[in-house]
Amino acid sequence: MDAQVIVVGAGPVGLSLAAELRLAGVEPLVLERLAEPSGQRKSRGIGPLAAEALRRRGLGERLSAHQPERGAQKEREHGSEKDHFAWIHKIDPSLQEEPGRRGILIWQPDLEAVLGDHAAGLGVPVRRGHTVTGLDQDEDGVTVTVATPDGGRRLRAAYVVGCDGGRSTVRKLAGFAFPGTPPLMTARQAHAEVADPGALPPPGRLPGGMLLHGPGGIGTFDFGDTHERHEGPVTVEELRASVRRVAGAEVTITRMDGALRFTDQARQAETYRLGRVLLAGDAAHVHSPNGGQGLNLGLMDAVNLGWKLAAQVRGTAPEGLLDSYTSERHPAGAAVLHNTRAQSALMLPGPHTDALRDIVADLMDIPDVNRYFGLLLSGLATRYAFPYATPDAHPLTGTHVPDLLLTLETDVGREVSLSGLTTGGRPLLAAPAGDPAVGVAARWRDRVEVAEVASVGHPSLAAALVRPDGAVAWARVPGRPSDIALLEAALRTWFGGPS
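Residues numbered from 1 in each chain as written. Predicted model: local features only at pLDDT ≥ 70, side-chain atom pairs only at ≥ 80, totals over all residues. Heavy atoms only, no water.

Caption draft 1: How the structure looks around the pairing of strand 1 (residues 3-8). Buried residues dominate strand 1, accounting for five of its six residues. Sheet topology places strand 1 next to strand 10 (residues 151-162); five bridges connect them, and they run parallel. Note that in strand 10 the partner of Ile 6 across the bridge is Val 160. As paired elements, strand 1 and strand 2 (residues 28-32) share four bridges and run parallel to each other. Across the sheet, residue Ile 6 finds its bridge partner in strand 2, namely Leu 29. At this point the chain moves from strand 1, through helix 1 (residues 12-23), to the parallel strand 2, and the crossover so formed is right-handed. (Buried < 20%, exposed > 50% of the residue type's maximum accessible area, 1.4 Å probe, protein only. Helix = DSSP H or I, 4+ residues; strand = E, 2+ residues; numbered from the N terminus. Pairing = 2+ DSSP bridges. Right-handed = clockwise from strand over helix to strand, strands pointing away.)

What follows is the structure, encoded as structure tokens:
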């Protein structure tokens, strides 16, 4: 074997997955077709779940170093302090149930640099200029054929994970079905200077779609261009033609760089695993970037898969653990496809959509509706259906835990964040000293960290078992005894039998 797991793609998802595997004691190898990291600013920002996941690995300070000054954050939403659904800027962060759980603004190249340093610090090898051209799997492993600058080679691993984007080679070679809906529009954006900005109408919805422009930039959502696949870089003439279709205006573009093109086609692999080949990130699902949900979704795929695949490779995974990756993350992906399709529908030109947008905008003035849209876009509404969870299980079971502030029992009065105890990627039980849960979890000490606390730092939690991906596997409400049978079921489901 050349590696225990080959990860194809050195973008944020691939690097994050490789780091998770390495933390869990598995030897990954990352293959990337690009000779150097891409400088394209494809996205700006990660959602709260992904931000919390990366903080749990000790990356908080490095991420915050790229956070813009507070006044500059408006740039993300073209001058609005509020988030948007289908470019209706009414989602008020202050109305969300947990307003402190916010994402981080960081350009994708900067995020890749942070994750690249993190993976390198763990000893993860990344081979650039390696393009996967073939893939064969059998009962014992997977062989990939790779084209390299000096010829080619064949590499073998126990598992292969495709993190190689929306046009994933791994997905195609392995035979994953990728059904979905074709695009309603093509969007383009660029850093550009327009010689005659007065020829442009004000930014907003127009008969041909949506136009965005301001000093140094221009973008279109072009509902007159429904091509499913475009080739080559965006040209000046292509952008001018799109402006013409959307706004009916002729403009002269004197400078352009950093141009991007994307569609709103929405497709999802029917399963995220076929034998020893798995998919994560855009390789598993593509959708409109409206709402900025793509990186959040992909990074959460990575942290969900990493510890499960590592246990499978080590031979310690309980039955069905690796299949739970699809059963948990497929619905999360489907939910994003669902809401991005709805956003595209709300952006269609025409009086009928105008009327619908007016009604949706009015509904968003209702605080509960506003919270609904906020939770939808943040991913905070994600809840996994655990097989052992009973109707009496804690309501946070299956959700992702915030970065709790724990008061340690063994070091009286000292407070430590949950993220400060999870940099090693192991599951954590936080419970008061003497709680029966501590005694139960002690039988899994070789796989589960135990923190004896005076306080968990959450009003509805007295104790909690948190998986490596931040999902609450079990919890106890203050003032109630621990449900030991449910805790044992959780420990066995995710980490196997006691040692």
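Following the structure, the description resumes.
Caption draft 2: Looking closely at the packing of helix 8 (residues 323-347) against helix 9 (residues 351-363). Direction vectors running N to C along helix 8 and helix 9 enclose 120°, while the axes themselves pass 8 Å from each other. Between helix 8 and helix 9, the crossing angle belongs to the class labelled oblique. Two secondary-structure elements touch here, helix 8 through Ala 345, Leu 346 and Met 347 and helix 9 through Thr 353, Leu 356, Arg 357 and Val 360. (Axes fitted to C-alpha atoms, helices over the stretch in contact; angles between N-to-C directions. Parallel < 35°, antiparallel > 145°, perpendicular 65-115°, else oblique. Contact = heavy atoms within 4.5 Å.)

Caption draft 3: Molecular detail of the packing of helix 2 (residues 48-55) against helix 7 (residues 294-314). Interhelical geometry of helix 2 versus helix 7 gives an angle of 40° and a closest axis separation of 8 Å. Regarding the angle of helix 2 to helix 7, the classification is oblique. The handedness of the crossing between helix 2 and helix 7 comes out as left-handed. Taken together, the residues of helix 7 that come into contact with helix 2 (itself represented by Pro 48, Leu 49, Ala 50, Ala 53 and Leu 54) are Asn 296, Leu 299, Met 300 and Val 303. Of the residues contributing to the contact of helix 2 with helix 7, the split by class is eight nonpolar, one polar and no charged. (Left-handed = near helix turned anticlockwise from the far one by under 90°. Nonpolar A, V, L, I, M, F, W, Y, C, P; charged D, E, K, R; others polar.)

Caption draft 4: Here's a closer look at the pattern of salt bridges. Evaluation of the coordinates by the stated rule reveals 31 salt bridges. A salt bridge links Glu 193 to Arg 255, with the shortest nitrogen-to-oxygen separation between them at 3.4 Å. Here Glu 193, found in strand 12 (residues 186-194), pairs with Arg 255, found in strand 16 (residues 253-263); they are 62 residues apart in sequence, far enough to count as distant. Here Glu 328 makes a salt bridge to Arg 467, at a shortest N to O gap of 2.9 Å. With Glu 328 in helix 8 and Arg 467 in the loop between strand 25 (463-466) and strand 26 (472-476), this residue pair connects regions lying 139 residues apart in the sequence. Across the pair, Arg 467 and Glu 328 agree in class, each one buried. Via salt bridges that share partners, Arg 188, Asp 222, Asp 225, Glu 238, Arg 245 and Arg 261 belong to a single interconnected network. (Salt bridge = Lys/Arg side-chain N within 4 Å of Asp/Glu carboxyl O.)

Honestly, it's all geometry; don't read function into it.
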